[in-house]
Amino acid sequence: MEVSKRLKQIPPYVFAQIDQKRQALVAQGIDVINLGIGDPDGPTPSHIVETAKQALDNPVNHHYPPFGGMMEYKEAISSWFSSRFNVNLNPKTQITSLIGSKEGLHNTIMAYIDSGDLALIPDPAYPVYRTSTILAGGETYFMNLSEENDFLPDLEAIPQNVLNSAKLMLLNYPNNPTAAIADLAFFEKVIHLAKKHDILIAHDLAYSEMTFDNYKAPSILEVKGANEYAIELHSLSKTYNMTGWRIGFLVGNENSVKAIASLKSNVDTDIFKVVQLAAIKALTGPMDHIQTCNDIYVSRRNLAINELKKLGWGDIKPNKATFYMWLKVPKSMTSADFCTKMLEEAHIVVPPGTAYGPYGEGYFRISLCVSEARLKEAFARMKAKNIYFDNTSVASR
Ligand SMILES: *Cc1c(COP(=O)(O)O)cnc(C)c1O
């Protein structure tokens, strides 16, 4: 049977090819270091796990959960949001649960993009923005995130006709894959633009708490009047080491919350109550593990910067957020060539920048989700295989 045209339109998954090669090496008994995945290596904090264990024993929690999330969950989100961002959200109208923000991003796009509608998408970016727009039949306009502009989209460079026809803009700060951050002044400009051109802003704030060196990430909803034009997607995945639990939430504009919740009620039946109760515990319980994890990421980051310097990557700015490092590949190599070399010669998985969009050419991403010992081993392998910033290209051609 033919698959749908919709599915056929999706570009081949870049990671699939890399993963095939990785598996082939593993099958030969080779120890491959995976610096490719963005999944915290630490466990979910025990007070959250314990809450889930107890909830699991209560048969009340074995039934269908309410659509849009348990009221207690939405109330916990509302209190967390007001203490964290000083923004008050009505739990009844401005919050809906998500089965992780990936699902929420897809359904946000499905709720707003019809065939031919235009979405403004950063490039490089988390691949879902683009693929879900394609699945919806929409058109994409790519906003180049360039190093010269601190990996923020140059809002003035977007043509007027594009702004006039765009329905939706996706943003993500702290950013995956570039680790860039945005301040409130940037979000103010975004909201101003949204107002002028009637564009819905969907801000993906998956890394809100993974920030370092005294930097605290703002919510776009802190901007005055933002609630009229913006929604924000949050996730417990990265903050609480809960990637496997599948839980997040969407907040902001009432009409959008209602529309997305309505679409979702036709597609899924919300989140296992046990997981929601664990999430309530996460949002209301002790938060000290966040600092502990961030200290670990900072320490790995500093190690990586030091080791990479020895390998010729001289001008790395320490990232103030996320467990990613967005690095230049050696000059005369493509991202794909470099990542193939890393895998085949040093047995290290790193995704090429182009996995996140064409403007990612010239870069690769490192995830700091492995121990310092493992990171050291990775850099030692690069040295042993002569993979330097300056001479890799010479050696490979
Ligand atoms: C990890 C990640 C997500 C997905 O988070 P889930 O809540 O686990 O679905 C969304 N956006 C970005 C940018 C991410 O890096």
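Fair warning: this is a prediction, and the values are worked out from it, not measured in the lab.

1. Brief notes about the site of the ligand
Around the ligand lies a shell of 13 residues, among which Asp204, Tyr207, Ser235, Ser237 and Lys238 are the nearest. Between the ligand and Ser237 there is a distance of 2.6 Å, counted from an oxygen atom to a side-chain nitrogen or oxygen. Here an oxygen atom of the ligand and a side-chain polar atom of Lys238 are 3.2 Å apart. With the chains in place, 94% of the 390 Å² that the ligand exposes on its own is no longer accessible. If you map the ligand onto the pockets, it falls in the largest pocket.

2. Let's talk about the sheet that holds strand β2 (residues 95-98)
Sheet strands pair by backbone hydrogen bonding; their relative direction is either parallel or antiparallel. With mixed pairing, the seven strands of this open sheet are ordered in space as β2-β8-β7-β6-β5-β3-β4. Both outer strands of the open sheet, β2 and β4 (139-144), are each paired with one neighbouring strand and no more. For this sheet, the mean inter-axis angle between neighbouring strands, taken without regard to orientation, is 20°. Note that strand β6 (residues 200-204) and strand β7 (residues 230-235) share four bridges and pair parallel. When the sheet's bridge partners are listed, His203 is paired in β7 with Glu232. Of the strands in this sheet, β2, β7 and β8 (248-252) are in contact with helix α4 (residues 71-85), which crosses β8 at around 65°.

3. Observations concerning the pairing of strand β3 (residues 118-123)
A regular strand places its side chains on the two faces of the sheet in alternate fashion. Of all the six residues making up β3, six are buried; the element is thus mostly covered by neighbouring parts of the structure. Side chains of β3 alternate between two faces, with Leu118, Leu120 and Pro122 and Ala119, Ile121 and Asp123 buried alike. Across six bridges, the pairing between β3 and β4 is parallel. Directly across from Asp123, in β4, lies its bridge partner Asn144. Read as a crossover between parallel neighbours, the route from β3 over helix α6 (residues 128-135) to β4 is right-handed. One ladder, built from three bridges, connects β3 with strand β5 (residues 166-171); its direction is parallel. When the bridges of β5 are listed, Ala119 appears paired with Leu168.

4. Some details on the domain arrangement of the protein
Here the protein is partitioned into domain 1 (5-43 + 288-396) and domain 2 (46-284). For domain 1 and domain 2, the distance between their C-alpha centroids amounts to 26 Å. For the pair domain 1 and domain 2, the interface holds two salt bridges. Notably, a salt bridge pairs Glu147 with Lys328, separated by 3.2 Å at the nearest N-O pair. Joining domain 1 to domain 2, the criterion identifies 15 residue pairs in polar contact (both at pLDDT 80 or more). Secondary-structure elements contributing two or more residues to the side of domain 1 that touches domain 2 are α11 (288-310), β9 (324-328) and β11 (363-367).

5. A closer look at the pattern of salt bridges
Using the criterion set out here, one finds 15 salt bridges in the structure. For Arg381, the salt bridge is made with Glu377, and the minimal N-O distance between the two is 2.8 Å. Here Arg381 pairs with Glu377, and both are found in helix α13 (residues 372-384), just four residues apart, close to one helical turn. In this structure Glu377 comes out as partly exposed when scored by relative accessible area, which is 34%. One salt-bridge network, in which partners are shared between bridges, spans Asp31, Arg374, Glu377 and Arg381.

6. A word on the packing of aromatic side chains
Applying the stated rule across the entire model yields 19 aromatic pairs. Aromatic side chains Trp80 and Phe81 sit 6.0 Å apart centroid to centroid with 75° between the ring planes, which places their arrangement in the edge-to-face category. Both residues of the pair, Trp80 and Phe81, count as buried. Pairing Phe338 with Phe364 gives two aromatic rings, centres 4.7 Å apart and planes at 50°, and the pair type is tilted. Separated by 26 residues along the polypeptide, Phe338 in helix α12 (residues 335-346) and Phe364 in strand β11 bring together distant segments of the chain. No difference in accessibility class separates Phe338 from Phe364, as the two residues are buried. Three or more aromatic residues joined by ring pairs form one cluster here, namely Tyr73, Trp80, Phe81, Phe85 and Phe249.

7. Focus: α13
In this model, α13 (13 residues) spans 18 Å end to end at C-alpha, consistent with the 18 Å of a helix rising 1.5 Å per residue. For α13, the secondary structure elements touched by its buried residues are β1 (33-34), α11, α12, β10 (348-349) and β11. Downstream of α13 by a residue or two, Asn386 has a phi angle that is positive, lying close to 65°.

8. Here's the deal with the confidence of the model for the protein
With 98% of its residues at a pLDDT of 70 or more, the protein shows a mean pLDDT of 95. Across residues 392-397, where pLDDT falls below 50, the model places 13 contacts with residues more than four positions away in sequence or in other chains.

9. Some remarks on the state of the cysteines
Structurally, a disulfide amounts to a covalent bond that connects the sulfur atoms of two cysteines. This model, assessed by the stated rule, comprises zero disulfides. For Cys293, which is in no disulfide, the shortest distance to another cysteine sulfur is to Cys369 and amounts to 10 Å. Classification of Cys369 as buried rests on a relative accessible area of 8%.

10. A few points about the layout of surface pockets
Within this model, the largest pocket holds a volume of roughly 1200 Å³. If you trace the largest pocket, you find 50 residues lining it, with Tyr13, Phe15, Lys102, Tyr126 and Pro127 closest to the centre. Among the elements of the structure, α2 (14-27), α5 (101-112), β3 and α6 are those that each provide at least two residues to the lining of the largest pocket. Residue classes in the lining of the largest pocket are distributed as 26 nonpolar, 14 polar and 10 charged. Both domains that meet at the lining of the largest pocket, namely domain 1 (5-43 + 288-396) and domain 2 (46-284), each give it at least three residues. What the second largest pocket holds in volume is close to 820 Å³. Lining the second largest pocket are 33 residues; nearest its centre among them are Asp150, Phe151, Thr178, Ala180 and Lys317. Contributions of two or more residues to the lining of the second largest pocket are made by α8 (184-197) and β9. When residues of the lining of the second largest pocket are assigned to domains, at least three map to each of domain 1 (5-43 + 288-396) and domain 2 (46-284).

Rules used throughout
Residues numbered from 1 in each chain as written. Predicted model: local features only at pLDDT ≥ 70, side-chain atom pairs only at ≥ 80, totals over all residues. Heavy atoms only, no water. Near = heavy atom within 4 Å. Polar contact = N/O pair within 3.5 Å; in protein donor to acceptor, adjacent residues only side chain to side chain. Areas by Shrake-Rupley, 256 points an atom, 1.4 Å probe, with all protein chains shown as cover. 1 Å grid on protein atoms, 1.4 Å probe; cavity = no way out; pocket = protein on both sides within 12 Å on 5 of 7 lines; lining within 4 Å. Sits in = over half its atoms within 2 Å of the grid points. Pairing = 2+ DSSP bridges. Helix = DSSP H or I, 4+ residues; strand = E, 2+ residues; numbered from the N terminus. Axes fitted to C-alpha atoms, helices over the stretch in contact; angles between N-to-C directions. Contact = heavy atoms within 4.5 Å. Buried < 20%, exposed > 50% of the residue type's maximum accessible area, 1.4 Å probe, protein only. Right-handed = clockwise from strand over helix to strand, strands pointing away. Domains from an automatic or database assignment. Salt bridge = Lys/Arg side-chain N within 4 Å of Asp/Glu carboxyl O. Phe/Tyr/Trp six-rings, centres within 6.5 Å; stacked < 30°, edge-to-face > 60°. Expected span 1.5 Å × (residues − 1). pLDDT = per-residue confidence, 0-100. Disulfide = S-S within 2.5 Å. Points joined across faces, edges and corners; volume = space filled by probe spheres on them. Nonpolar A, V, L, I, M, F, W, Y, C, P; charged D, E, K, R; others polar.

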